[in-house]
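Coordinates in review
Single-letter residue listing:
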Amino acid sequence: MRLSPADRDLVTAAVTRAEAPSDGEIVTVVAQRSDAYRDVALHWAVLAMLGALALLAWRPALADPLVALFAEPWDPVTPTGALLVSALLAEVLVFLLVRAALAGDAARMALTPGATKARRVRRRARELFRTATEQRTRASTGVLLYLSLAERRAEIVAERGIHARVAPEEWGEAMAALLRELRAGRPGEGMAAAVERVGAVLAQHFPRSADDINELPDRLIEL
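Fair warning: this is a prediction, and the values are worked out from it, not measured in the lab.

A few words now on the overall build of the protein chain. Looking only at helices and strands, one finds nine helices and four strands in the protein chain. The linear arrangement of helices and strands in the protein chain, starting from the amino end, is α-β-α-α-α-α-α-β-β-α-α-α-β. Burial status across the protein chain gives 42% buried among its 223 residues. Of the contacts formed within the protein chain by residues at least 6 apart in sequence, a portion of 74% connects residues at least 24 apart.

All right, on to the environment of Gly188 then. Note that Gly188 resides in helix α9 (residues 187-205). Spatially, the C-alpha atom of Gly188 lies 10.0 Å from that of Leu220, the residues being 32 residues apart in sequence. Apart from the residues lying within four places of it in its own chain, the contact partners of Gly188 are Asp7, Leu10 and Val11.

Right, let's talk about helix α1 (residues 5-19) for a bit. Given 3.6 residues per helical turn, the α-helix brings residues three or four places apart onto the same face. Compared with an ideal rise of 1.5 Å per residue, which puts 15 residues at 21 Å, α1 spans 21 Å between its outermost C-alpha atoms and is within 8% of the ideal. In this structure, the buried residues of α1 make contact with β1 (25-31) and α9.

Moving on to the confidence of the model for the protein chain. When pLDDT is averaged along the protein chain, the result is 82, and 87% of the positions lie at 70 or above. Taken element by element, the predicted model of the protein chain shows its lowest mean pLDDT in helix α3 (residues 64-67) (62) and its highest in strand β2 (residues 142-148) (91).

Following the criterion strictly, the structure yields eleven salt bridges and no others. Among the salt bridges present, the one from Arg120 reaches Asp39, with a minimum N-O distance of 2.7 Å. Taken together, the residues Arg120 in helix α6 (residues 114-132) and Asp39 in helix α2 (residues 38-58) connect sequence positions 81 residues apart. Between Arg108 and Asp105 there is a salt bridge, and its shortest N-O distance comes to 2.5 Å. Here Arg108 and its partner Asp105 are both found in helix α5 (residues 105-110), three residues apart, which amounts to about one turn of the helix. You can call Arg108 buried: its relative accessible area is 2%. Through salt bridges with shared partners, a single network forms among Asp35, Asp39, Arg120 and Arg123.

Below, the discussion takes up a nonpolar patch on the surface. A cluster of nonpolar side chains, Leu42, Val46 and Leu50, forms an exposed patch at the surface whose accessible area comes to about 220 Å². Relative to the helices and strands, Val46 resides in helix α2.

Thresholds applied
- Residues numbered from 1 in each chain as written.
- Predicted model: local features only at pLDDT ≥ 70, side-chain atom pairs only at ≥ 80, totals over all residues.
- Heavy atoms only, no water.
- Helix = DSSP H or I, 4+ residues; strand = E, 2+ residues; numbered from the N terminus.
- Buried < 20%, exposed > 50% of the residue type's maximum accessible area, 1.4 Å probe, protein only.
- Contact = heavy atoms within 4.5 Å.
- Expected span 1.5 Å × (residues − 1).
- pLDDT = per-residue confidence, 0-100.
- Salt bridge = Lys/Arg side-chain N within 4 Å of Asp/Glu carboxyl O.
- Patch = residues over 30% accessible without salt bridge, like charges linked within 9 Å, V, L, I, M, F, W, Y side chains within 5 Å.
- Areas by Shrake-Rupley, 256 points an atom, 1.4 Å probe, with all protein chains shown as cover.

Right, here's the structure in full:
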């Protein structure tokens, strides 16, 4: 899922309109993903490797084809060394197969728990907030609206001046509007709708001052 030039123009125009009646500054960021989740692939590979070892312990006969590579067929008792080498080889093969299967982004994303995605998106949003928004406005009235497309998750992060007056629940309508359009495959319209609602909250708590200026860029930032 990607944004079109029309989506970019739509979001930029929405930011300009939303900021007009308030002292607030809205920064919009859209990322293709918030993390590569390579550690998740490693965790699954290790889990599969241990599962293979447990399976061999439960059904040792499954290792016979591998044992035959290291033990002579006429031996009355399978040497312990052949069993251990076979188990180790099976673990290595399973580990490599799972890592190869999860080399693609789509596979890793599908097997990443939702809670992990939520934490990574939130962490990335806060990192970007510190870089692009925090302490860049005179009255600490900056808000970051962040959307991560691969995870289909979004975050709203606000400066301390806003936190003092706006309860986190007040952003709920903006988040709902964004995610509703995102599920319908319209991320640009979702961002524009969320910006509109964020602007309404800012206008209520921070009406525009006579000397207000545009301190942060209105354009959509894509990563």
